[in-house]
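Here is what each chain is made of, one letter per residue.
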Amino acid sequence: MSLTAQEFAYISGLVRRDSAIVLDTGKEYLVEARLLPLARQSGLPSVSEFVSRAQQRPEPDLHRKIVDALTTNETSWFRDGEPFAALATTIVPDLMARRTGARNLRIWSAACSSGQEPYTISMVLGDIVPAAWNYEIVATDISTEMLTRAEAGCYSQLEVNRGLPANMLVRHFERDGANWRVSPALRKPITFKRMNLAAPLPVLPQFDVIFLRNVLIYFDVETKRSVLQRVSSLLRPDGWLFLGAAETTLGIDDRFERVPAGRTSAYRLRDGKNTAPTGAQEKG
Amino acid sequence: MNHTTPTDDDLRVIAEQVWSSYLDLDGASPLIAKPADAPSHEVCASVSVTGAWRGHVVVRCSAAASRNAAAALLGVELDDVTPDDVTDALGELANIIGGNVKSLLPEPCALSLPHVLVHGESGYPQVMEVCGLEATWLDEPVTVSVLESTVVERVG
Amino acid sequence: MHAMVIDDSRAMRLILKRIAGQLGFEVSEAANGKEALDLLAAADNPPELALVDWNMPEMNGLEFVTAVRADPRYRGITLMMVTTEGEQSQIVRALAAGAHEYVIKPFTPDAIVEKLALLGLVPNGAVA
């Protein structure tokens, strides 16, 4: 039984919504090939049956697996560029101006996946934070498999080709056979922990910056709301929140407002102690 | 930095990455690390390595696989593939695989230009296979071998 | 925008032409560093981008990069090496010689596009 036009349309709608990737007609064979392993895992004989079940019983976890299977496998370093540039040019200087007492910065990479995001943050902070300051990066994910990978910090040649500036590659990585491994110095400020954002979070000291990128898109509105609620409880009142390029808090949690951050935007709590950040660029 | 001899697994990873980058971009026709029913030496593309390590990296496949590779790599229709296309495509595959193998060998080494032979088996006197990959692509045989030269280099 | 693809492999030139072309670049090609320098000298306007292989006869990519960086006429050209040379020491050499970016073969089209985006060379932020 092969995929019907309606089933294909459902899958491409799902993928486009969650990843902005477009699967035009003609790509049915791709959907068949990539979803067959998932169908078999679910004990179903065909992709068509698998898809029609996914339609009838939508589950966030299943949708995420479908989207993952159909979108590119490798995640990038410095994903979307601008948030990391903003971290360097605007946010860290702003925080350093305020935290002169403690001289400590805490960053959270929530849903760190295979680790490209926390290591990217470590690269940026390593370059701009002076020796007299301390910084910690907490990297969490729901998958222990992903966390093990992230902690190992070992990447294939194809993976390090993805958005990683060559000078960062030679400075922060060493070849290990056919792979590239992060330097101990890059890994040192990072703590890897398992965490499920859709469940009550452990009590942790609040963070100055939280990266919650391309996570909310996989959840329904109710879950988005509860995740944001929990995550924001771990954000300093004057802290910064980064979402994915196509995401927003609008319609989900109006305690946040969107503010300029370098050449992109970030989110801050409206009732934060300082709603007008020093060093922030003018709007418009 | 320590260099060990490349393993069968290293070769498999390299070949899979080459395939998924150039010949199987959408994942629908991957290189499968399983021997085909019968190996084929109809087309043979190789690069030689000189320097701190000496030997050859050889890619062998059937004529059909070579034409599929040329079509995919060069973006031409299968029916339009010319013998020159096959030579250029297979030569470049041997070059890229060879280059990646070189990165696993002691430094410094240099890679020769590729050599492609159609309808003939390339012979390499006095070599020893250090690792190999027998694979299948679109039901056709593709093999990769790393052959180390056993000739003792004379000094002076 | 104009890009130059410099590689002795016709297959690789075709692949890179395709990727650059899809991004909207006009693409010229050369089979080695010397041919590329001749093309540059004869061009009205230098290209914004050069995708440069390393191992080529006559003049290799490292020599080409060194020559271009020494010439004030070509100050505006972004030099991205695209090569099988994957040793850490080789990448360091290339960057020291003045290459702006470095891609190890094999690469997916996305990898090239993302590196070009890092360099501000993707016309409308398009992703292949």
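The structure we're discussing is the one just above.
Reading guide: rules and limits
- Residues numbered from 1 in each chain as written.
- Chains lettered and ligands numbered in written order.
- Predicted model: local features only at pLDDT ≥ 70, side-chain atom pairs only at ≥ 80, totals over all residues.
- Helix = DSSP H or I, 4+ residues; strand = E, 2+ residues; numbered from the N terminus.
- Contact = placed C-beta atoms within 7 Å.
- Pairing = 2+ DSSP bridges.
- Axes fitted to C-alpha atoms, helices over the stretch in contact; angles between N-to-C directions.

A.B. asks: Hey, could you run me through the environment of Leu-104 of chain B in this one?
C.D. replies: Its place among the elements puts Leu-104 of chain B in the loop between α3 (83–102) and β3 (109–111). Residues Leu-104 of chain B and Asp-139 of chain B, 35 residues apart in the sequence, show an inter-C-alpha distance of 29 Å.

A.B. asks: Would you mind going over the interface of chain B and chain C with me for this structure?
C.D. replies: Often, the extent of an interface is quoted as the loss of accessible area upon association of its parts. Across the boundary between the two partners, chain B contributes 18 residues, which contact 17 residues of chain C. Secondary structure elements with two or more residues in the side of chain B that touches chain C: α1 (8–23), α2 (63–74) and α3 of chain B. Counting residues per element, the side of chain B that touches chain C draws most heavily on α3 of chain B, which supplies 7 residues.

A.B. asks: Where do I start with unusual backbone geometry in this structure?
C.D. replies: Trans peptide bonds make up the majority, and among non-glycine residues the majority have a negative phi. A cis amide bond, omega -5°, links Glu-107 of chain B with the succeeding residue Pro-108 of chain B. Tracing the backbone shows Pro-108 of chain B in the loop between α3 and β3. The backbone of Arg-103 of chain A shows a phi angle near 50°, a positive value even though the residue is not glycine. Here Arg-103 of chain A is to be found in the loop between α5 (82–98) and β1 (104–110). Not every positive phi belongs to a glycine, and Asn-214 of chain A is a case in point at roughly 60°. Relative to the helices and strands, Asn-214 of chain A resides in the loop between β7 (207–212) and α11 (221–233).

A.B. asks: Help me out: how do you make sense of the sheet that holds strand β4 (residues 78–83) of chain C in this one?
C.D. replies: Two strands in a sheet stick together by hydrogen bonds in their backbones, pointing the same way (parallel) or opposite ways (antiparallel). Residue and element names in this part refer to chain C. As summarised here, the arrangement of the 5 strands in space is β2-β1-β3-β4-β5, forming an open sheet in which the pairing is parallel. Each edge of the open sheet is held by one strand with a lone partner, namely β2 (26–30) and β5 (101–104). Ignoring which end each strand starts from, the neighbouring axes of this sheet average 20° apart. Bridge analysis of strand β1 (residues 2–6) against strand β3 (residues 49–52) gives 4 bridges, and the strand direction is parallel. Bridging from a neighbouring strand, Ile-6 pairs with Val-52 of β3.

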